[in-house]
Amino acid sequence: MSRMIYGYTKEVFERVSFDIKLFVKELKKAIRILLPYEIDHLKKWLLYFTNEKPELRGCLSLIK
C-alpha cells in the first residue's frame, strides 16, 4: 500500500509545482505519511525534478 502512496505523492508534486505554497504544504504532508526509506527516495526524485524548477529548490530544506 505504501508504494501506491509514494507514487501518488510524486504525481501530486508534479501537479502542484506551479505554486510554491502548495508544494510546501504537500511536502510537509508527504514527510508525515511516508516511511523513512521512501522519504530518501523522494528526496532523490525531488532533486531531479527541481533541476528545471529552481524556485522549488529551497523547499527541499524541509527534508532532513
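Residue positions within a chain follow its written sequence, with the count starting from 1. Where local features are concerned, this predicted model is filtered to residues with pLDDT of at least 70; where side-chain atom pairs are given and counted, the filter is 80 or more; whole-chain, interface and lining totals use all residues. Just so you know, side-chain values use all the structure's heavy atoms and leave hydrogens and water out.

Draft legend 1. Main features of the packing of aromatic side chains. Within 6.5 Å between ring centres, the rings of Phe, Tyr and Trp (the latter by its six-membered ring) count as paired, and their orientation is classed by plane angle as stacked under 30 degrees, edge-to-face over 60, tilted in between. The full count for this structure, using the stated rule, is two aromatic pairs. Consider the rings of Phe 13 and Phe 23, whose centres lie 5.0 Å apart with planes at 50 degrees: the pair is tilted. Here Phe 13 is found in helix H1 (residues 2–16), whereas its partner Phe 23 is found in helix H2 (residues 20–33), with 10 residues between them in sequence. A run of H or I in DSSP counts as a helix once it spans at least four residues, and a run of E counts as a strand once it spans at least two, with each numbered from the N terminus.

Draft legend 2. Looking closely at the nonpolar core. Within the largest apolar cluster, 17 residues are counted, with the highest numbers of intra-cluster contacts made by Phe 13, Phe 23, Leu 27, Leu 34, Leu 42, Trp 45 and Leu 46. Counting only elements with at least two residues in this core, the list comes to H1, H2 and helix H3 (36–49). Among the elements that take part in this core, H3 stands out by supplying five residues, more than any other. Any two residues whose heavy atoms approach within 4.5 Å are treated as being in contact. Excluding its chain neighbours within four sequence positions, the residues that come into contact with Leu 34 are Ile 5, Tyr 6, Thr 9, Ile 39 and Leu 42. Remark: nonpolar core denotes a set of buried residues (Ala, Val, Leu, Ile, Met, Phe, Trp, Tyr, Cys) joined through side-chain atoms within 4.5 Å. Exposure categories follow from relative accessible area, calculated using a 1.4 Å probe and restricted to protein chains: below 20% of the type maximum is buried, above 50% is exposed, and the middle band is partly exposed.

Draft legend 3. Representation of the pattern of salt bridges. Salt bridge criterion: a side-chain nitrogen from Lys or Arg within 4 Å of a carboxyl oxygen from Asp or Glu. Counted under the stated rule, the structure contains two salt bridges. One salt bridge connects Glu 11 with Arg 15, and the closest N-O pair in it is separated by 3.7 Å. Within this pair, Glu 11 and its partner Arg 15 are both found in helix H1, separated by four residues, close to a single helical turn. With a relative accessible area of 38%, Glu 11 lands in the partly exposed category. Two residues, Lys 29 and Glu 26, come together in a salt bridge whose shortest N-O distance is 3.4 Å. Taken together, the positions of Lys 29 and Glu 26, both in helix H2 and three residues apart, correspond to about one turn of that helix. According to the relative accessible area criterion, Lys 29 is partly exposed, its value standing at 30%.

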